[in-house]
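Residues per chain are reported as follows:
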Amino acid sequence: MKISLSSATARLFATALLVFFCAPCPANWFGGKQDPPQWGLDAAKTPTPTYVKDAASVILYDEYLETVDAQGRAVEREREAIRILKPQARHEGCEVGYDVDEKINYFREWTIAADQKQYQAQDTDFIDKGDNGIPIMLSTRKTRVVYPPAADVGAVIICESEELLEPYLKETVWQIQSHIPVVFQALEVDLPAGRAHSEAWHKFPPVKPVEVSPNHWRWEIKDMPALDLRDVKSRPVWEALAARMSVQWGDAAVDGKDNQWRALGQWTTTLEANRPDPSPEITAQTQSLIAGAPDFYTKLSRVTEYVQKNIRYFIVMRGIGGLQANHAADIFRNRYGDCKDKTTLLISMLQVAGIHAVYMPLYDHRGVVDPDVPSIMGNHMITAIELPADVQDPRLKAVVKAKDGKRYLIFDPTDERTPVGNLPSEEQGSYGILAAGASSQIIALPVLDPDANGSELKGVFTLAVDGTLTGSIDSSSIGPKGADLRQFLKYTDEKERRQYWEKSVAYSLPGVTLDSFQFIQPSDLDKPIEFHYKVTARQYSHQAGPLLLVRPRVIGSYAESFDDKPRIYPIDLDATGRWRASFDITIPPGYVVDETPDPVSLDLDFASYHSSVSAKGNLLHYEREYVVRQVELPPAKYAAVRHLESVILSDEKNAAVLKKQ
Amino acid sequence: MISQSRELENNRPHDRNNFRAPSFRLLSGERVGCLALFLFAIVSPAFLLAQFQQPTDEELKMTVDPKAPGAAAVYLYREEITNEIDHFHSVYERIKVLAEKGKELATVTIPYIPGADKITKIEGRTIHADGTIVPLTVKPDDLMTFKIADFQENSIVFTLPSVEVGSILEYRYRYSYNYLIYMPAPTWWIQQPYFVHREHYSFQSNFPGLHEVQIAPEAHVVRDANGSAVILDKHDAFTLDITDVPPQPNEDWMPPLNTLKWRVAFFRPFVSSKEFLRNGKEFWDHAEKNWADEVRDFTNPTSGIKKITAEIVAPSDTDEQKARKIYAAVQKLDNTAFSRIKSKAERKKEKLKDIHKAEDVWKQQSGTDDEIALLYVALARAAGLKVAPMQVVNRNRAIFDNDYLSIEQLDDYLAVVVLDGKDVYLDPGQKMCPFGTLHWKHNLASGFRLSEKTAVIDMTPSSTFKESSHLLTADLYLDQAGNVNGVARIVMSGPEALHWRQLALENDVEEVKKQFIESMRDSLPDGVNADFDHFIALDDYNVNLMAIVNVSGNLGSVTSKHFILPGLFFESRAKHPFVAQDKRLTPIDLHYAMMERDDVTYHLPPGYAIESALPPSNVVWPDHAMLRINSTITDGSVKVARVFARNFTLLDPKEYNDLHDFYQKVATADQVQLVLTKTPPTAKGNQP
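**Remarks on the overall build of chain B**
Tallying secondary structure elements over chain B gives eleven helices and 35 strands in all. Counting the 688 residues in chain B, one finds 57% classified as buried. For chain B, long-range pairs separated by at least 24 residues make up 74% of all intrachain contacts whose partners lie at least 6 apart in sequence. A total of about 29,200 Å² of accessible surface is found on chain B, and carbon and sulfur atoms cover 52% of it.

The following block contains the structure:
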């Protein structure tokens, strides 16, 4: 779990519960007993449109007003009306998130029941909840939730709230698409005279604002469908596909996307300034690590592995601490921290080692950060390490080139197992802000060559006449695939590992017994991790009259589920990589191979799959190779993906036929 | 309204520190006593917290623990001290981290209630394997957990610094309680997530004899403590010292943990400030009587109830007809366990009063599950039936524990009606539960049952496999390319049918269909998809529930001579439990007995014939379970029939070997394959 970079982002991804925030304020949060506001009564008259289909609820009206003061601090008011359409939406309500630097001025709720009776939520209908769902997190963030009275099918829930937002963010992210449809929504930004703003749209054509009064802007959108990805196979993350709009009114409210990104990078640079300053202890530790290092890679990897292995992941979010790292000296002393802390310590240690590195805020899955939508929105921090011009090491694969010609190695110190030079698969193809002061920019993260990731599986088996298969399997994994395995080992004990592998192997071999297993995990992260195990599977082969059926693909599956539905969303292939497997099965005495499946050979621009089965004497040999070259494809490629997956699935199910001599 | 409490924590996962802040009650009748205790406390000697211990060389150098092979951490020492005289509870722990996963124990969360108690004297340190000590210097955070109108719970959170594999984590803290708050007797949860080498517990109780306060000698129950015993030491403190405590159980299909986890529980079974109960029997006698009075009062067949009953049943009805008619009538009421509870504002606007009697439920045509169950009892009593209410501990949460002296462990109400001299157990509070059956959580469940004069502790019966059936019929058409399409009909009774019907009460039917299809995915072969067509009798609990599903996709593999496909269409995936795990420590709880029957007809593609019939399978575990598979070949098709029946719910771990062996045989038998062979071109097959 990685940290949220902004409370705006935390608000952004509200799901069935509808987040909202607001402006000026009465004496208490509930505001006393009041009649429903006219805007709510009007909204409640909105007919339910036909396009809601089988949505459980529909937002009839959702309006934000951001009133920005001379210092750029906003008060946010939200007015929202939701109609409950189905019983499963009876538990829906509204909520307002807040932190130590924020204040809810008021928060009220009314319900107009299906029979038109009106209710107002009492103080006993509200609850404040701490942000304590994650054991490895310390967060001061809280959420105020209302459980509306009479919230039944046909009722309209009307909420209004107002909140003084944190002083340090000068941006709002307007989430215009939700898990449920929205009939009407609007955003108003009321700026002081002379303060500029800029706007950008993600997955939605730009809408022109109306200037309702001087420097007071209003955008309106009607009839936004829900984004429901419940049964969509191989999909990007929801946040990447949901329509949104960002408005800047701080330093990033300038002309030109490049200038806006530069300002956002400069903001991060300033925010984290001096945080990486090395302490004497950091200096001593770093010098000890790099002593005698023969080359750049060795020096670099000793430092990165130190941070990866020795700094325990623990999230600390106290107000602006959700955005700003702790000081390197504290992180080093406590040996724990979150992504921005790990990046801070790494930058600090690299500084001692004479290597320049900078912060790179981003979202931890590709597709969310949009180069055309300058925004601080994200949930993760990684490191961009500047490579000296003379360093041309092939082990350093995740390299990008900035506009100023400098080369940077992109590295994620929070991923404790992916070696330096490589990059976690979900971040490949993403965008991050290179926070390099005046040289800041948005930059595309590389998609690595298939040879940077994958596994090799070899199995040797003996098949008995009664159908029992015994044998051993040796696997070796590299790159993010190997990192996944290392991560699994890190967070499990011996008993959990056995249980996991027993179930995992049993998926391919029902009734299997895992006779033994062993992991060999070199301390150097760039070395392959090995897994060796022995199995016995009763009745692996099946008798059919005089025939004996054997599936040559003994274990493991590359197939992903697919369907025949029309595709409108991009396809996420998860990771590039090269996966190989080969199995030798000694067939029982007295049998010969009568028939083997045809070889499979499929080459596509984004992937390839080859497999073959051969028989020589009493040995049945199977081998296959699966290569993925891209991580994301346009929807139009779904037919090709479907074909690929059906070919793999068919090959995995194929059986060889043995007959008695 | 009948009071009900589900706050018994003994089946709930314990927090990381294995200490839950007790809930508090201010006993108005005992304020004077509390004040006396307060006065006493301020002159009593302060209790000393355990001092940090110097680690031994053996502890520092430990890399694995032979007593806990493969463990990510072990507790070297734990201590919990409860002192009512000084109103505090202290915790002290020393933990050795043996693997990366064990580092998670470095973060400590201590829940507390602001105003009622304070967390004080927090100290911690990390000791590296070389003996280096890194103290906790970061101030712990005080975070709000939740807050409602008149109550708030917070947590103190800290994480120890510089934790490495090989470190010893050491920390202590103290709950200091408000002296005006009643401090409940402690429960010592002896088992932790990891092995414990040594534990010490102490409970210094207030002694009897103070003015106007009489508290019984503390009753306590020891549940499996390795032969160790609680003693009363020379300071009149209850103490327990125990070594080599295994980690708390964690296996699939375990019964509720409340009777499995080791613990010592203390009770103060007092009735009032002047009356107390001396032992468990007295406690239960008293509790049963009170319970009986309460339910008898609620279910009293008043004139209003009699009038309602007269509208539901006819004098000429047999007892069973009456019982069924009343059951049907209360099933129609709004059951708020499956709809929603109206807020104060709604009740006020609708002028709805609080429910005090069964008659109130009928008047409002709405009630909780328990209120509706008791309304059934009241109506049945008015109809002249012999009926008794029963309140049980729900078996999906906990097992009734006679040693746990608290009626708060009781959950749901049932009704037991005597028909033709036999007890018939009914579940009127479970909407959509057929007459004469119980929700599975109410089978094999114990609790109070009303008798002639008082209440008795009784247990509901188990269900048999005949009461829970899953019958699956499919007609599947194959083509020469290996594609399949057809229709499957799933007929369900018992818990499965109840599950879908109750889901439909809280969701619309489209959502239920989606979840049904999602649940089927584990039953379909790779490459085959299902589309839901429709339900039959989703809203009629008197008949079996049927789901009709269309299936299509690619099945099996085609070679130049053969077509090979799963013999058992719905069983080709490995989904059976107990196949891989060869050892078992805890009892097995499969929730309910059941029977599955698959009848699948494959219609062969043109040009193919069956190579041979499936070898019949007959796997029998006498008196427990059986699997039978056979096939019938007709012209152009093969019908495969599979029957699986399991007629047990709970098993002792001693029977695990037999269970494991049975499921291994079932898992392999279910993988049988069917081989079709190409025939001369004249052969014909069927197509839909």
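**What to know about unusual backbone geometry**
The backbone of A:Lys53 shows a phi angle near 50 degrees, a positive value even though the residue is not glycine. Relative to the helices and strands, A:Lys53 is located in the loop between helix 2 (38-44) and strand 2 (57-68). Given the relative accessible area of 73%, A:Lys53 is considered exposed. Phi is positive for B:Asp244, which is not a glycine, with a value near 50 degrees. Here B:Asp244 shows up in strand 13 (residues 237-245).

**Let's talk about the interface of chain A and chain B**
Opposite the 74 residues of chain A that make contact, chain B presents 77 residues. For the pair chain A and chain B, the interface holds eleven salt bridges. Residue B:Lys561 pairs with A:Asp594 through a salt bridge whose shortest N-O separation is 3.2 Å. The element that contributes the greatest number of residues to the side of chain A that touches chain B is helix 10 (residues 494-508) of chain A, accounting for eight residues. A breakdown of the residues in the side of chain A that touches chain B according to their chemical character gives 25 nonpolar, 18 polar and 31 charged.

**Quick notes on the packing of helix 5 (residues 319-331) of chain B against helix 8 (residues 369-382) of chain B**
Residues and elements named next belong to chain B. Orientation of helix 5 relative to helix 8, taken along the N-to-C sense of each, is 145 degrees, at an axis distance of 10 Å. Of the two elements, helix 5 crosses helix 8, and the hand of that crossing is right-handed. Counting all contacts with helix 5, which are made through Ala323, Ile326, Tyr327 and Val330, the residues of helix 8 involved are Ile372, Leu375, Tyr376, Leu379 and Ala380. In terms of residue class, the contact of helix 5 with helix 8 is built from nine nonpolar, no polar and no charged.

**Things to note about the environment of B:His439**
All names here are of chain B. With respect to the secondary-structure elements, histidine 439 resides in the loop between strand 19 (422-426) and strand 20 (446-450). Judged by relative accessible area, histidine 439 falls into the buried class, the value being 13%. In sequence terms histidine 439 and leucine 426 are 13 residues apart; their C-alpha atoms lie 9.3 Å from each other. Residues within four places of histidine 439 in sequence aside, it is in contact with Asp427, Gln430, Cys433, Leu498 and Gln502.

**Overview of the packing of helix 5 (residues 280-290) of chain A against helix 6 (residues 296-310) of chain A**
Residues and elements named next belong to chain A. Between helix 5 and helix 6, whose axes approach to 9 Å, the crossing angle comes to 130 degrees. Between helix 5 and helix 6, the angle falls in the class oblique. With respect to the hand of their crossing, helix 5 and helix 6 are arranged in right-handed fashion. In this structure, helix 5 contributes Gln285, Thr286, Leu289 and Ile290 to the contact, and helix 6 contributes Lys299, Arg302, Val303 and Tyr306. When its residues are assigned to classes, the contact of helix 5 with helix 6 shows four nonpolar, two polar and two charged.

**Quick word on the packing of aromatic side chains**
Counted according to the given criterion, the structure contains 55 aromatic pairs over all chains. Between B:Trp291 and B:Phe448, the aromatic rings sit 5.5 Å apart at their centres with planes inclined by 80 degrees, giving edge-to-face as the arrangement. Placement of the pair is B:Trp291 in helix 3 (residues 280-298) and B:Phe448 in strand 20, with a sequence separation of 157 residues. Under the relative-accessibility criterion, B:Trp291 is labelled buried at 4%. Here B:Phe448 falls in the buried class, since its relative accessible area comes to 0%. Each member of the aromatic cluster is reached from another via a ring pair, and the members are A:Phe488, A:Tyr500, A:Trp501, A:Phe517, A:Phe519, A:Phe531 and A:Tyr533. Directly above the ring of A:Tyr106 sits A:Arg108, whose terminal nitrogen or CZ lies 4.1 Å from the centroid. The cationic tip of B:Lys349 hangs over the ring face of A:Tyr119; the distance from NZ or CZ to the ring centre is 5.0 Å.

**Focus: the sheet that holds strand 10 (residues 196-204) of chain B**
Picture the strands of a sheet paired through backbone hydrogen bonds; they go either parallel or antiparallel. Residue and element names in this part refer to chain B. Here we have eight strands laid out as an open sheet, ordered 5-4-8-2-1-10-13-12, and mixed in their pairing. Either end of the sheet is taken by a strand with one partner, and the two such strands are strand 5 (133-135) and strand 12 (231-232). Pairing geometry for strand 4 (residues 117-127) and strand 5, over three bridges, is antiparallel. Counted as the bridge partner of arginine 125 is proline 135 from strand 5.

**Remarks on the sheet that holds strand 39 (residues 656-660) of chain A**
Residues and elements named next belong to chain A. With respect to topology, four strands assemble into an open sheet ordered 30-31-39-34, the strand pairing being antiparallel. The sheet terminates laterally at strand 30 (542-544) and strand 34 (591-595), the two strands that pair on one side only. Pairs of neighbouring strands in the sheet enclose a mean axial angle of 35 degrees, with direction left out of account. The pairing of strand 34 with strand 39 spans four bridges and is classified as antiparallel. Among the inter-strand pairings, valine 593 is bridged to a residue of strand 39, identified as leucine 658.

**Notes on the confidence of the model for chain A**
When pLDDT is averaged along chain A, the result is 92; 95% of the residues meet or exceed 70. In this model, residues 1-31 of chain A is a region of pLDDT below 50 whose contacts with residues beyond four sequence positions or in other chains number 147 contacts.

**Regarding the pattern of salt bridges**
Counted under the stated rule, the structure contains 73 salt bridges over all chains. Here A:Lys527 ties to A:Asp526 by a salt bridge, and the two come within 3.7 Å at their closest N and O atoms. Overall, A:Asp526 belongs to the partly exposed group, its relative accessible area being 31%. The residue B:Lys665 makes a salt bridge to B:Asp661 at a minimum N-O spacing of 3.0 Å.

**Side note on the nonpolar core**
Residues and elements named next belong to chain B. By size, the foremost hydrophobic cluster in this structure holds 62 residues, and its most contacted members are Phe516, Val549, Phe569, Phe570, Tyr602 and Leu659. For this core, the element with the highest residue contribution is helix 11 (residues 656-669), accounting for seven residues. Those residues in contact with leucine 659 that sit more than four places away from it in its chain are Phe578, Ile588, Trp621, Phe648 and Leu651. Listed in part, the 58 residues of the second largest apolar core include Phe338, Ala373, Leu379 and Ala380.

**Focus on the environment of A:His532**
Residue and element names in this part refer to chain A. With respect to the element layout, histidine 532 can be found in strand 29 (residues 529-537). When neighbours within four sequence positions are excluded, histidine 532 is seen to be in contact with Ile473, Asp474, Ser516, Phe517, Gln518 and Ile520. A polar contact of 2.6 Å, which involves the side chain of histidine 532, links it to the side chain of aspartate 474.

**A short note on the confidence of the model for chain B**
When pLDDT is low, close inspection of the predicted coordinates is not appropriate. Residue and element names in this part refer to chain B. On average, chain B scores 86 in pLDDT, and the residues at 70 or more come to 87%. Taken as a whole, residues 208-218 scores under 50 in pLDDT and shows 19 contacts with residues more than four places along the chain or in a different chain. Across residues 683-688, where pLDDT falls below 50, the model places 17 contacts with residues more than four positions away in sequence or in other chains. As a predicted assembly, this complex carries a pTM of 0.90 together with an ipTM value of 0.89.

**Description of helix 5 of chain A**
All names here are of chain A. Within the sequence span of helix 5, burial applies to Ile282, Thr286, Leu289 and Ile290. One side of helix 5 carries all its buried residues, which in axial view fall inside an arc of 85 degrees. Turned more than 90 degrees away from the buried face of helix 5, the exposed residues are Pro280 and Ser288. Turning to helix 5, the residues buried within the fold contact helix 6, helix 7 (328-334) and helix 8 (339-352).

Cut-offs and rules
- Residues numbered from 1 in each chain as written.
- Chains lettered and ligands numbered in written order.
- Predicted model: local features only at pLDDT ≥ 70, side-chain atom pairs only at ≥ 80, totals over all residues.
- Heavy atoms only, no water.
- Helix = DSSP H or I, 4+ residues; strand = E, 2+ residues; numbered from the N terminus.
- Buried < 20%, exposed > 50% of the residue type's maximum accessible area, 1.4 Å probe, protein only.
- Contact = heavy atoms within 4.5 Å.
- Areas by Shrake-Rupley, 256 points an atom, 1.4 Å probe, with all protein chains shown as cover.
- Salt bridge = Lys/Arg side-chain N within 4 Å of Asp/Glu carboxyl O.
- Nonpolar A, V, L, I, M, F, W, Y, C, P; charged D, E, K, R; others polar.
- Axes fitted to C-alpha atoms, helices over the stretch in contact; angles between N-to-C directions.
- Left-handed = near helix turned anticlockwise from the far one by under 90°.
- Parallel < 35°, antiparallel > 145°, perpendicular 65-115°, else oblique.
- Phe/Tyr/Trp six-rings, centres within 6.5 Å; stacked < 30°, edge-to-face > 60°.
- Lys NZ or Arg CZ within 6 Å of the ring centre and 35° of its normal.
- Pairing = 2+ DSSP bridges.
- pLDDT = per-residue confidence, 0-100.
- Core = buried A, V, L, I, M, F, W, Y, C linked by side-chain atoms within 4.5 Å.
- Polar contact = N/O pair within 3.5 Å; in protein donor to acceptor, adjacent residues only side chain to side chain.
- Arc of directions from axis to C-beta.

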